[in-house]
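Listed below, chain by chain, are the residues.
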Amino acid sequence: MRRNTVKTLIAKLALAAAVIGGGLQAASAETANIWVRADGSNFMPRIVDAFNKAHKDQIKLDIIPNAEIIPKYGAAAAGGTAPDALSLDLIYTPSFAAAGQLEDITDWAKSLPYFSSLSPAHVKTGTHKGRIYGLPFSADSSVLIWNKKLFKQAGLDPEKGPTNWAEIEADAEKVNALGGDIKGFYFSGNCGGCNIFTFTPLIWASGGDILSEDGSKATLDSPQLRGAIDLYRSMVKKGMVPEGAQTDTGANFFAAFAGGKIGISPSGAFAIGALNTQYPDIDYGITFLPGKDGGWSSFAGGDNFVVTKGTKKVAVVKEFLDFAYSLEGQTILAKYGSLPVRGDIAKEALKDLDPRYQVAAEAMAKGRTPYTVVFNDLINSANGPWTQMVNEVFFGDDVDGAISNAQETMQSIIDQAPQK
Amino acid sequence: MTTITATSAPARARTRAGVSRRQWVGLLYVLPAVAFVVVFFVIPLGMTAWMSLNNWPLMGEHAFIGLDNYFAILRDTRFWNALKFTAYYTVIVTIAIFAVAFPLAIFIERPRPLTNLYRTAFFMPAVVGFASASLLWSWLLNVDSGLFSPTAFDLGLTGKKVNLLATFQPAFWSIIAMVVWKVAGFTMIILMTGLQSIPQDLQEAAVIDGAGPFARFRAITLPLMRRTLALALILSVAGSILAFDQFYIILRGGPRNQTLTAVYWIFNQSFVSFKLGYGAALSMVLLVILVALSLIQLWLLRKPEGLD
């Protein structure tokens, strides 16, 4: 009996040694850690899984809440525990590069045979003083989505989305008249990031802007901005927008429409992938965000892929990016909510996919990205002037006061910004 | 004479050596605690003080700028507004917590049927973290899918679903309600221990002397609870001045930035605007204010002369 126990013990030890040995051997393949903001939580795990299955080197992915990824990265970088690379909201690339935080990848980037067909908006923000620090990873344009089922119920043509502001309001009103839990229109009324993405295109398409071309002047006091505000205010006043919109800091930006009880909502290309995979029952249409009397515009958003300065895993990271730029990688991205970032194979990557992507891809090609080094302070901060203004002008009583207050605050933030 | 000095000098030296050896042993015993305080308090505090003298961005190089951060604070009206709001919140919430916790403490102080059940029930929210409690309440307060507004609407109390978080007054009082729910149980336990430490015979003597319940409360209970009250008050005030989680998670400083607390502003400067040096300077200012307030409270609630 006792000898048996000893034998089993020896056997177990041998097994354990084998396991440990095997583990050591497997560790010779490198693992790189990358971060992505929550916006990428649909497509990023898919492409990482596909990469990990096909490669010896592995990627470990962490998904970080949108608002926390920048401070978390800064703290990690200061503590020496930054990820090897991250998929970074493209608007932040210049300030990260200027801070000396990123690896210069110019030579590698220019050696890519398809470098010239990578998304120009991304490459432009990824370039600092002539050197390249970020390459396009995911792309997202803003569009208008409508619920075809509700349109049909309301007696509207389900195949025809609104093409100007008057049509948005009229269509939303008809859907809203269905009553019950069904509402005509939805937007996140307390979210700066959501509204720079979906509200400013309404202004751009009508010929206005909120910042001057070089980002040195705030230009909020324009009739186009006033007009777009009046459109939203009118819909709020007529009860076409759910009460929760007033305090939505972005949590419901997508979820509200996905619930199937909203007629029209400004959204992004990401919604196509997210709706198709997570809410296949929703029948929806995609169109451009229109101007007051027609025309259209879009915000060119998405992520740049950047490499932390000094990381030892550059080879793995490049291997991963190569994979993402392959037709397989671009197709996975497109299928799960990002637009392709390689122009030369975009058509091919999209060809078997939902035709609604073509609208979003077209919007991306003509999309705009405001340029400013203080984007976070001005626009994204939950307590910044832009967020405060959109909330006040959509729901408050003093529209003029709110606009002039925001104009003043934004200008003073721009003036106090460090000159880089 | 000479013999005396000759014998007493070594003896004194021996005593001194004994004392100093005992002191060294004592120091050895407290060393772990000292190391703990140094590593987790003194060094971070020194680091903060040093950072506050620098222009210290989240990423990239930092540069020494002397007292410039502190001069900038003087002109930072939004910080002073945040401080004003924090003071307002502290006063209101402290009164509210004591108004709820004191009756509860009196209620559960003496053994009676189910006392343990009541004690546990009242204390339970105190063991929930502030962040988790805030997430819970941000769902309860949600206008579309929460508890309060939809229930009020379904019961016909309101004509439409009321968004409690959309305007200042309901939003502010919702937070007060949440904090009282969360903290009152803890304050109650502190006050209860104070109540229990009052000798029963004092109360009985007063009853024999014909003192009514109110007179006994004012003349015996309150004075004898001085120290307990001081502890509960300082904990409550310090906690309220450092309030952040609930305003960040439930309100995001809204509606319209009307509920930005001092710590929230420090957080914004440090991790939204990435000015860590300036955030450190603001923290130092807040620290000084907090220490001063605590000293004032201790002084106000000090033991009066002659009272044992």
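Relevant structure appears above.
Residues numbered from 1 in each chain as written. Chains lettered and ligands numbered in written order. Predicted model: local features only at pLDDT ≥ 70, side-chain atom pairs only at ≥ 80, totals over all residues. Heavy atoms only, no water.

**Observations regarding the state of the cysteines**
All names here are of chain A. Tallied over the entire structure, the rule returns 1 disulfide over all chains. Across a sulfur-sulfur distance of 2.1 Å, Cys191 and Cys194 are joined as a disulfide pair. The disulfide joining Cys191 to Cys194 has a torsion of about 80 degrees about its S-S bond and is therefore right-handed. A single burial state applies to Cys191 and to Cys194, both of which are buried. (Disulfide = S-S within 2.5 Å. Buried < 20%, exposed > 50% of the residue type's maximum accessible area, 1.4 Å probe, protein only.)

**Let's talk about the packing of aromatic side chains**
The relative placement of two aromatic rings is captured by the distance of their centres and the angle of their planes. One pass over the full model with this rule turns up 47 aromatic pairs over all chains. A ring pair is formed by B:Phe85 and B:Phe172, whose centres lie 5.8 Å apart and whose planes are at 70 degrees; its orientation type is edge-to-face. Of this pair, B:Phe85 sits in helix α3 (residues 77–109) while B:Phe172 sits in helix α7 (residues 168–196), and the two are 87 residues apart along the sequence. Both rings, one in B:Tyr248 and one in B:Phe267, keep their centres 5.1 Å apart while their planes meet at 65 degrees; by these two values the pair is edge-to-face. In this pair, B:Tyr248 sits in helix α11 (residues 245–251) while B:Phe267 sits in helix α12 (residues 262–271), placing the two residues 19 residues apart along the sequence. Residue classification places B:Phe267 among the partly exposed residues on the basis of a relative accessible area of 22%. Aromatic rings pair up to connect B:Phe85, B:Tyr88, B:Tyr89, B:Phe168, B:Phe172, B:Trp173 and B:Phe247 into one cluster. Positioned above the aromatic ring of A:Tyr284 is the side chain of A:Arg356, whose terminal nitrogen or guanidinium carbon lies 3.8 Å from the ring centre. The ring of B:Phe130 carries the charged tip of B:Lys182 above its face, separated from the ring centre by 5.1 Å. (Phe/Tyr/Trp six-rings, centres within 6.5 Å; stacked < 30°, edge-to-face > 60°. Helix = DSSP H or I, 4+ residues; strand = E, 2+ residues; numbered from the N terminus. Lys NZ or Arg CZ within 6 Å of the ring centre and 35° of its normal.)

**Some remarks on the pairing of strand β2 (residues 58–64) of chain A**
Residue and element names in this part refer to chain A. Sheet topology places strand β1 (residues 31–37) next to β2; 7 bridges connect them, and they run parallel. In the strand pairing of β2, Ile34 is matched with Leu61. Handedness of the crossover joining β1 and β2 through helix α2 (residues 44–54): right-handed. (Pairing = 2+ DSSP bridges. Right-handed = clockwise from strand over helix to strand, strands pointing away.)

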